[in-house]
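# Secondary and tertiary structure notes
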Amino acid sequence: MTTTLHTPNATEARHAPVSAPTAVKPVRTWPVLLLALPAFVAIWSGWVGLGELTGFGPVHPLPGIADGFSVNTAITLPIGMETYASYALYVWLSGRIHSDRTRAYAKWSAFGSLGLGAVGQVAYHLMEAAEIVAAPWPVTVGVACLPVVVLGMGAALAHMIAREHHTSATMRTPDTSTRTTEASVSVTEETELDNDPEPEPVHAVSVRTDHPEPTIETPTVALGDRWDNIATRVCAADPNGRRDRGKVATILRLRHEQGWTRSRIAEEVGLSPSSITRTITAAAPYTDSEN
């Protein structure tokens with residue numbers, strides 16, 4: 001007996017039903033809560049104990065208004081230090097911040113906060129094991145400065161994030177001050193005919209916007225901005241395809257037309273000065289060829 005295997009041809013393969021892609025289940029993050037709970041208890045008790053050894057304790061913040069209301073200032077240490085470290089890690093790893101300077105600051109300040117937290121825990125447990133009832137003065141000075149340090153780091157990070165959001169909003173909003181009320185756009189239509197070696201003529205189409213004041217029609221200009229065209233060529237030559245055409249055009253315009261420094265351009269577009277230098281270097285062959 002002979003068995004014949006049927007091989008689908010191209011037509012059958014083209015009309016064959018396509019199976020839906022298998023849905024990928026997201027990674028669950030709730031186990032992290034189980035890991036963080038005992039760490040939270042240990043860190044909280046360590047900071048509160050260290051605060052009590054260095055002079056932190058109950059205070060009455062509203063004398064004469066609510067004399068019976070008191071707050072134990074020792075809780076400010078775990079709340080401030082560990083909260084900032086967690087938030088700085090989020091800013092660094094979330095992928096929502098594009099500025100290299102902001103992400104670098106969040107990264108190293110988070111590592112610094114975690115390092116200070118570890119040093120504080122070690123100091124508390126050593127003094128607790130030695131049955132020390134009052135911390136030495138260098139430890140007291142360092143712990144007393146921690147709330148001020150956390151406030152400074154948090155304020156700096158908040159200002160950097162706000163500056164990036166302002167810069168991003170500025171890049172998305174067109175600059176209406178540079179718009180002209182009247183412009184002529186040259187639209188070139190090229191049609192290839194088999195037996196006609198002569199090229200088709202160029203047709204100019206005038207586009208006007210209403211304005212109450214009389215204006216003079218500007219001469220016909222070529223379609224497309226010079227820096228936008230160069231940015232398109234620079235992005236096309238990038239093997240990794242990571243350059244943004246709009247940012248490249250803005251960098252070249254601010255550098256060659258406005259004469260801005262690289263550091264000022266970096267703050268404006270939200271990139272590092274080294275990235276600005278690489279972009280200007282990559283565009284140099286095209287700008288030199290046009291000059």
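Notes on the structure follow. (Residues numbered from 1 in each chain as written. Predicted model: local features only at pLDDT ≥ 70, side-chain atom pairs only at ≥ 80, totals over all residues. Heavy atoms only, no water.)

This part covers unusual backbone geometry. The backbone phi angle of E131 is positive, close to 60°, even though this residue is not glycine. Among the secondary structure elements, E131 is positioned in the loop between α4 (100-129) and α5 (137-172). Overall, E131 belongs to the exposed group, its relative accessible area being 71%. (Helix = DSSP H or I, 4+ residues; strand = E, 2+ residues; numbered from the N terminus. Buried < 20%, exposed > 50% of the residue type's maximum accessible area, 1.4 Å probe, protein only.)

Before going further, it helps to examine the side chain of T54. Inspection of the secondary structure assignment puts T54 in the loop between α2 (31-53) and β1 (58-59). Side-chain polar atoms of T54 contact the backbone oxygen of L50, separated by 2.9 Å. Here the side chain of T54 touches G51 through a polar contact of 3.1 Å, landing on its backbone oxygen. When residues no more than four places from it in sequence are discounted, the contact partners of T54 are A135, V139, T140 and V143. (Polar contact = N/O pair within 3.5 Å; in protein donor to acceptor, adjacent residues only side chain to side chain. Contact = heavy atoms within 4.5 Å.)

Here we take up the pattern of salt bridges. In total, this model carries three salt bridges according to the counting rule given. Here E267 ties to R101 by a salt bridge, and the two come within 3.8 Å at their closest N and O atoms. Residue E267 is found in helix α8 (residues 262-269), and its partner R101 is found in helix α4; the two are separated by 166 residues along the sequence. Overall, the relative accessible area of 42% leaves E267 in the partly exposed class. With its nearest N and O atoms 2.4 Å apart, the salt bridge here joins R245 to D228. Of this pair, R245 sits in helix α7 (residues 245-256) while D228 is found in helix α6 (residues 226-237), placing the two residues 17 residues apart along the sequence. On the basis of relative accessibility, which here comes to 40%, the residue R245 falls in the partly exposed class. (Salt bridge = Lys/Arg side-chain N within 4 Å of Asp/Glu carboxyl O.)

Estimates place the volume of the second largest pocket at around 320 Å³. D238, R242, R243, D244, K247, V248, I251, L271, S275, R278 and T279 are the residues that line the second largest pocket. Of all the secondary-structure elements, those providing two or more residues to the lining of the second largest pocket are α7 and α9 (273-290). Of the residues in the lining of the second largest pocket, the class split is three nonpolar, two polar and six charged. (1 Å grid on protein atoms, 1.4 Å probe; cavity = no way out; pocket = protein on both sides within 12 Å on 5 of 7 lines; lining within 4 Å. Points joined across faces, edges and corners; volume = space filled by probe spheres on them. Nonpolar A, V, L, I, M, F, W, Y, C, P; charged D, E, K, R; others polar.)

With that settled, consider the packing of aromatic side chains. In this description, an aromatic ring pair is defined by two values, namely the gap between the centres and the angle between the planes. All told, the structure shown has four aromatic pairs when counted by the stated rule. Judged by centre distance (5.6 Å) and plane angle (40°), the rings of F40 and W44 are tilted. In this pair, F40 and W44 both sit in helix α2, four residues apart, roughly one turn of the helix. Taking relative accessible area as the criterion, W44 reaches 30% and is therefore assigned partly exposed. Between W92 and F111, the ring centres sit 5.5 Å apart and the planes meet at 80°, which makes this aromatic pair edge-to-face. A residue pair is termed long-range when its members are at least 10 positions apart, and W92 in helix α3 (residues 76-93) and F111 in helix α4 qualify at 19 residues. Here the aromatic residues W92, W108 and F111 are joined through ring pairs into a cluster of three or more. The ring of W227 has R226 sitting right over it, with the charged end atom 4.3 Å from the ring centre. Sitting over the face of the ring of W260, R264 holds its NZ or CZ atom 3.8 Å from the ring centroid. (Phe/Tyr/Trp six-rings, centres within 6.5 Å; stacked < 30°, edge-to-face > 60°. Lys NZ or Arg CZ within 6 Å of the ring centre and 35° of its normal.)

Worth remembering: the numbers are spatial, not functional.
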